[in-house]
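# A structural walkthrough
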Amino acid sequence: MVEYRIDRHSGVATYVQIVQQTKQALRLGLLQPGDQLPTAREVVEATAINPNTVLKAYRELEREGLVEARRGLGTFVRRSLGTVAAEDSPLRAELHAWADRAREAGLDRDDVAALFTSVLDERFAVPVPVPVPVAETHSQGDPA
Amino acid sequence: MTDTPTDRPEGPADGRSDGRTEGPTDLRTDGPTEGPTDRRTDRPTDRPTDRPTAGRTEGPINRPTPAPAPVPAPALEATALGKRFGRRGRRALQDCTFHLPAGRVCAVVGHNGAGKSTLLALAAGLLAPSEGTVTVLGTTPAAARARVGYVAQDKPLYPQLSVAETLRMGADLNPGRWDEVTADRIVAAGDLDPRARIRSLSGGQRTRVALALALGKRPELLLLDEPMADLDPLARHQLMGTLMAQAAQYGTTIVMSSHVVAELEDSCDHLLLMGGGRVRLAGEIDELTAGHTRVAVTADTDLAPHTVVESRTTGRQLSALIRPAGPLPHEWRTGTPTLEELVLSYLRNPEAPGLAPVPDRAEEAAA
């Protein structure tokens, strides 16, 4: 199960935060196919956000094929996002080692973040935010 | 004070007599009562809500934006609504026309004296309009009373009752609808001694009891006047979570007034901005923020034909909040305002032209 943490001051739309955190959990293997996402009720009770925001996020995840709503049952993970960053993955270990070297070289957190981001931008296309259609017909299972 | 539990409450706390004829919060069910949980049967129309309801899910989620084609009975609808206190008194409310679709969580914001409380009291049926009409859940406020929960700003409760007695009163006054589990849970979350008398409670604790009463009624429409004002940040967050859970589970429409806009931004999806007794902005928050643009341009820029809500010149730069009348020039730096920026801009500029959509139906009604 995943627990969402909403940062009101991040400047990122709340529903996008839920989408991102769900994807993050998928990448880290915290959520796996077949797992159930928390119900809208559970999310809003814990976060005090508007229920429609949660539903909008879940619709977006559904649109991307990551989750599916099962009528009367809830929203379930359909596929994973690869688990390259799992605890024991070699890439993660290399990154650990790299981070340690960066620290030894005298870089602080911001330096590392800047360096990492710049390499990230060189090697990977910058994601274009996907506009989300407001009115979409998807069935949304979300039992109370 | 004697310790005899009174069974005849004498009226609201601290004996206010502001014309309210009801007991504390509006708890009564006047009409015949329905089955305990099936609140959908008594709805005027089975309107499509975009939220799951208890124990089952709706079909397609189809949020009726931007054009809510077949308009179901709104939770709240006002047409040219006005209220004047006293024969030559100030008009607390005038010319209010808006409609709030069912299932929304609506923020009512505005200066002190903007008419927020008057509007809520009119919707609750505690005040009678001087002009115009207000329709609640498709009917009159009086007829809708059993389905409406109202918590007034001063959270009136019977001071001599204990917490447990207050909840029992809620159960007695709402036969067939009372949701004991919810009411008890709200009180229990505040660590209140059920035997404590209301008069011994702090303001925030009373708020908790008042909200427990209002939610225990399992209303279809919940009218909350400054519900969070007395609460500590933790209790605020927790009770707001409880309200949102209620909305998620039962599709409850919630209307709440507040001064703290930032706090409402994540919880509400609909806005009613009041000023000078009028509605200045009304609509879905997403649409309202999307309909406005923050621009930063050079000071000599002509902002026409766009509607300017607020503008400020600093040196060579002009910053403004506008409602674009069409596409903006590419060289303008633009951004979408947050709800708080939007509201503050309007509050700082009482003369800025409003944007309270006048629905067609209002025109018919006014004709």
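Just so it is clear, the structure is predicted and the values come from calculations on it, not from any experiment.

The next point concerns the packing of helix 5 (residues 203-216) of chain B against helix 6 (residues 233-250) of chain B. Residue and element names in this part refer to chain B. Relative orientation of the contacting elements helix 5 and helix 6 amounts to 5°, with a least axis distance of 12 Å. Viewed along their axes, helix 5 and helix 6 adopt a mutual orientation that is roughly parallel. Contacts between helix 5 and helix 6 involve Arg-208, Leu-211 and Leu-215 from the former and Ala-235, Gln-238, Leu-239, Thr-242, Leu-243 and Gln-246 from the latter. Within the contact of helix 5 with helix 6, the residues separate by chemical class into five nonpolar, three polar and one charged.

Residues and elements named next belong to chain A. Per the stated rule, a full pass over the model turns up zero aromatic pairs over all chains. A cation sits over an aromatic face here: Lys-56 above Tyr-15, 4.3 Å from the ring centre. When the ring centre of Phe-76 is taken as reference, the NZ or CZ atom of Arg-70 above it lies at 4.1 Å.

All names here are of chain B. An order of 3-2-5 is seen for the three strands of this open sheet, with the pairing classed as antiparallel. The open sheet has two free edges, formed respectively by strand 3 (91-100) and strand 5 (131-136), since each of these has just one partner strand. If you compare each strand with its neighbour and ignore which way they point, the axes differ by 20° on average. Here strand 2 (residues 76-84) runs beside strand 3; their pairing, made up of six bridges, is antiparallel. Residue pairing for strand 3: Leu-76 is matched across the bridge by Leu-100.

Another aspect to go through is the pairing of strand 11 (residues 293-298) of chain B. Residues and elements named next belong to chain B. Across six bridges, strand 11 lies against strand 13 (residues 317-323) in antiparallel orientation. Each bridged residue has a counterpart across the sheet, and for Ala-296 the counterpart in strand 13 is Ser-319. Of the pairings in the sheet, the one linking strand 11 to strand 14 (residues 333-335) comprises three bridges and is antiparallel in character. Along strand 14, the bridge assignment pairs Val-295 with Thr-334.

The strands making up a sheet are joined through hydrogen bonds of the backbone, oriented either antiparallel or parallel. Residues and elements named next belong to chain B. The six strands are arranged 6-7-8-4-9-10 in an open sheet whose pairing can be described as mixed. Among the strands making up the open sheet, the edge pair consists of strand 6 (148-151) and strand 10 (278-284). Taken over all neighbouring pairs, the strand axes of this sheet differ in orientation by 10° on average, direction set aside. Sheet analysis places strand 6 next to strand 7 (residues 221-224), joined by four bridges and oriented parallel. Bridge assignment links Gly-149 to a residue of strand 7, and that residue is Leu-222. Here helix 9 (residues 339-348) sits on the sheet in contact with strand 4 (105-109), strand 9 (270-275) and strand 10, set at roughly 15° to strand 9.

Right, let's get into the nonpolar core. Leu-37 and Tyr-58 of chain A together with Leu-243, Met-256 and Leu-271 of chain B are the most contacted members of the largest nonpolar core, which has 77 residues in total. Ranked by residues supplied to this core, first place goes to helix 6 of chain B with eight residues. The residues touching Leu-37 of chain A, leaving out its near neighbours within four places in the chain, are Met-1, Val-2, Tyr-4, Thr-22, Leu-31, Tyr-58, Leu-61, Val-67, Thr-75 and Val-77 of chain A. Membership of the second largest hydrophobic core comes to 34 residues, among which are Leu-93, Leu-100, Tyr-150 and Leu-272 of chain B.

The rules behind each value
- Residue numbers run consecutively from 1 along every chain, following the written order of its sequence.
- Following the order in which they are written, the chains are lettered starting with A and the ligands numbered starting with 1.
- Under the rules for a predicted model, residues below a pLDDT of 70 receive no local features and side-chain atom pairs below 80 are neither given nor counted, while totals for whole chains, interfaces and linings still include all residues.
- In computing side-chain values, all of the structure's heavy atoms are included and hydrogens and water are not.
- Note on geometry: axes are C-alpha line fits, over the in-contact stretch for helices, and angles between N-to-C directions span 0 to 180 degrees.
- Working definition: helices are DSSP H or I runs of at least four residues, strands are E runs of at least two. Numbering for both runs from the N terminus.
- Angle categories: roughly parallel below 35 degrees, roughly antiparallel above 145, roughly perpendicular from 65 to 115, and oblique for all the rest.
- Contact between two residues is taken to exist if any of their heavy atoms lie within 4.5 Å; hydrogens are not considered.
- Each residue is assigned to one class: nonpolar for Ala, Val, Leu, Ile, Met, Phe, Trp, Tyr, Cys and Pro, charged for Asp, Glu, Lys and Arg, and polar for all the others, Gly among them.
- Here a Phe, Tyr or Trp ring, Trp counted by its six-membered ring, pairs with any other such ring whose centre lies within 6.5 Å, and the pair is stacked when the planes are under 30 degrees apart, edge-to-face when over 60, and tilted otherwise.
- Whether a charge lies above a ring is judged from NZ of Lys or CZ of Arg, which has to be within 6 Å of the ring centre and within 35 degrees of the ring normal.
- We call two strands paired when DSSP finds no fewer than two bridges between them.
- For this analysis, a nonpolar core means a set of buried residues of the types Ala, Val, Leu, Ile, Met, Phe, Trp, Tyr and Cys, connected via side-chain atoms within 4.5 Å.
- For the exposure calls, accessible area comes from a 1.4 Å probe over protein chains only, and a residue counts as buried if that area is under 20% of its type's maximum, exposed if over 50%, partly exposed in between.

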